[in-house]
Amino acid sequence: MPMCMRKYYDTQSSCTHIITPCGSMSKRKEERFAWLDWARSFAIFAIIFCHCTEAIYSFDQTPLEVVDINVWFKFIFFTIGRLGVPVFLFLTGALILSRYKFQDFSNVKQFYKRKWLPLLLCYEFWIVFYSLITYFVSSQFDFLYFLQCLLLIRVPYFSHLWYMPMIIGIYLAIPILGFLIFKLGHQFVWGYLALASISIVILPQLQQYIALDLSFCNSLYLYYVLAGYGLFSLLQPQVSQNSMKFWLICVTAIIAISLFVLVVKNQISSHVVGGGFYVWYSYPCLILLAIVLFPLFTVFDRIKSTFISKISVSAFGMYLVHMFNLTIFRDVFNLTSFFECLSLSLPIRVVFLQCVIFGVSFLEVFLIMKFVPKISSKLFLTKLSPQGRN
């Protein structure tokens, strides 16, 4: 490779590109990181799975009198769903911080123009879209609330959009992180992650015994982003050289399964004794579970699947449209009555609803990407090739 060029990784399609120091990009290469496509596909599957589980099961604080198979499936499904956002944030850190080099203000300006501004405009469109859906479904519209959502003051009624203000804020911080990485190298990443791990994972468990305050590095979602970059910088060279140790993958898988069982069991136990909780992204065991899960996707690097690649490219669009589809099938088509007529068990209902919502969401996004790619590039932030295709 000429000295004036360097590689970067496409944040949407997991492809390798070549970028010159002045920021111009050459033709896309054919190489893809298949394991990142699998990771992104899992992430969107998990997020939709979480919302389908919430649509079928009751989520309240009522103490459990009987722990039956339905209860176990509820918390198993929900815990799988909660892994989606951490994996998405890992991918954000891994790919964006690998792609952009923030050496001066022109790099920062280019990033905000090409990445942050389109993301903000995309969010504004979907606020308008979901506000209209809310009005048509429930005949309710609060203009002040709508305006506050547009101005990033309030979280939209459709709860899945909480992610957008968060990631918009993360994108504002990306140039600062990139500049620090450029100046200080990976020492900054590992140093920050060490302090943040103490603050986010360890200190909450010791707060009654210690007064140490590390809240200055207590940004949970920034932690996920930098952890993704750190994991990627460790894993990708080994994946490229095919030097991943099989025994290490097996140990990692055992740890992941153990943590998963622990997270599920802790939730069930808390609901048996009363004052139950539903796991959130700040739960230490879930953080550790996500960290050990991410390397397991490297196992799939040799499995090149066109279908998985298409899901990967469609993932952000699927995230944006799936709650619309869920609302239509649940509230307009009254899918609950349909399930009751068939006397389907709750786990089967979740799986059935997941298949429908996942499939319809993918089909919608894929067709828009294929036939109206210019609209897709605005609504879903998908990339256009010189031929006008993704």
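Residues numbered from 1 in each chain as written. Predicted model: local features only at pLDDT ≥ 70, side-chain atom pairs only at ≥ 80, totals over all residues. Heavy atoms only, no water.

Counting secondary structure elements, the protein chain contains 14 helices and 2 strands. The burial tally for the protein chain puts 49% of its 390 residues in the buried class. Contacts spanning at least 24 positions in sequence make up 74% of the contacts within the protein chain whose residues lie at least 6 apart. Only carbon and sulfur atoms are counted for the fraction: they give 67% of the accessible area of the protein chain, which is about 19,200 Å². (Helix = DSSP H or I, 4+ residues; strand = E, 2+ residues; numbered from the N terminus. Buried < 20%, exposed > 50% of the residue type's maximum accessible area, 1.4 Å probe, protein only. Contact = heavy atoms within 4.5 Å. Areas by Shrake-Rupley, 256 points an atom, 1.4 Å probe, with all protein chains shown as cover.)

As a further point, take the environment of Met 323. Structurally, Met 323 can be placed in helix H11 (residues 306–332). Sequence spacing of Met 323 and Cys 52 is 271 residues, and the spatial spacing of their C-alpha atoms is 9.4 Å. With residues up to four places along the chain from it excluded, the contact list for Met 323 reads His 51, Tyr 130, Phe 158 and His 160.

We now examine the packing of helix H8 (residues 220–240) against helix H10 (residues 284–293). It is the contact of H8 with H10, at a shortest axis distance of 11 Å, that shows an interaxial angle of 25 degrees. When the axes of H8 and H10 are compared, the pair comes out roughly parallel. Where H8 crosses over H10, the two elements pack in a sense that is right-handed. Mapping the contact onto sequence places Leu 220, Tyr 223, Tyr 224 and Leu 231 in H8 and Ile 287, Ala 290 and Ile 291 in H10. Looking at the contact of H8 with H10 residue by residue, the classes come out as 7 nonpolar, no polar and no charged. (Axes fitted to C-alpha atoms, helices over the stretch in contact; angles between N-to-C directions. Parallel < 35°, antiparallel > 145°, perpendicular 65-115°, else oblique. Left-handed = near helix turned anticlockwise from the far one by under 90°. Nonpolar A, V, L, I, M, F, W, Y, C, P; charged D, E, K, R; others polar.)

The next point concerns the pattern of salt bridges. For the structure shown, the criterion picks out 1 salt bridge. One salt bridge connects Arg 40 with Asp 37, and the closest N-O pair in it is separated by 3.8 Å. Taken together, the positions of Arg 40 and Asp 37, both in helix H1 (residues 34–56) and 3 residues apart, correspond to about one turn of that helix. On the basis of relative accessibility, which here comes to 5%, the residue Arg 40 falls in the buried class. (Salt bridge = Lys/Arg side-chain N within 4 Å of Asp/Glu carboxyl O.)

This part takes up a nonpolar patch on the surface. A cluster of nonpolar side chains, contributed by Val 128, Leu 132, Tyr 135, Phe 136, Phe 141, Phe 143, Leu 147, Leu 151 and Ile 153, occupies part of the molecular surface with about 930 Å² of accessible area. At the level of elements, helix H4 (105–138) and helix H5 (143–150) are the ones that each hand at least two residues to the nonpolar patch. Sorting elements by how many residues they give to the nonpolar patch places H4 first, with 4 residues. By the secondary structure assignment, Phe 136 is in helix H4. Accessibility expressed as a relative area gives 64% for Phe 136, which makes it exposed. (Patch = residues over 30% accessible without salt bridge, like charges linked within 9 Å, V, L, I, M, F, W, Y side chains within 5 Å.)

This part takes up the side chain of Gln 267. As for its placement among the helices and strands, Gln 267 is situated in helix H9 (residues 246–273). Excluding residues that lie within four positions of it along the chain, Gln 267 makes contacts with Phe 75, Phe 78, Thr 79, Phe 277, Tyr 278 and Val 279.

Parts of the model with low pLDDT should not have their predicted coordinates read in detail. For the protein chain, the mean per-residue pLDDT works out to 86, and 86% of the residues sit at or above 70. Long-range and interchain partners of residues 16–30, a stretch whose pLDDT sits below 50, account for 39 contacts in this model, where long-range means more than four residues apart. Throughout residues 385–390 the model reports pLDDT below 50, and contacts reaching past four residues in sequence, or to other chains, amount to 9 contacts. (pLDDT = per-residue confidence, 0-100.)

This paragraph deals with the environment of Phe 129. The residue Phe 129 is located in helix H4 in this model. For Phe 129, a relative accessible area of 24% gives the class partly exposed. Sequence-wise, Phe 129 and Val 321 are 192 residues apart; in three dimensions their C-alpha atoms are separated by 10.0 Å.

Judged by nonpolar contacts, the single largest core of 119 residues is most densely connected at Trp 35, Ile 44, Leu 89, Met 164, Tyr 224, Phe 294 and Leu 320. The element best represented in this core is H8, accounting for 13 residues. (Core = buried A, V, L, I, M, F, W, Y, C linked by side-chain atoms within 4.5 Å.)

With 26 residues, helix H13 (residues 346–371) ought to run about 38 Å at 1.5 Å a step, and its terminal C-alpha atoms sit 37 Å apart, in line with that. As for H13, its buried residues are in contact with H1, helix H2 (69–82), H11, helix H12 (335–342) and helix H14 (373–379). (Expected span 1.5 Å × (residues − 1).)

The next subject is unusual backbone geometry. For Leu 152, which is not a glycine, the phi torsion comes out positive at approximately 65 degrees. Residue placement: Leu 152 occurs in the loop between H5 and helix H6 (163–184). By relative accessible area, Leu 152 is classed as partly exposed at 36%. Although it is not a glycine, Ser 343 sits at a positive phi angle of roughly 55 degrees.

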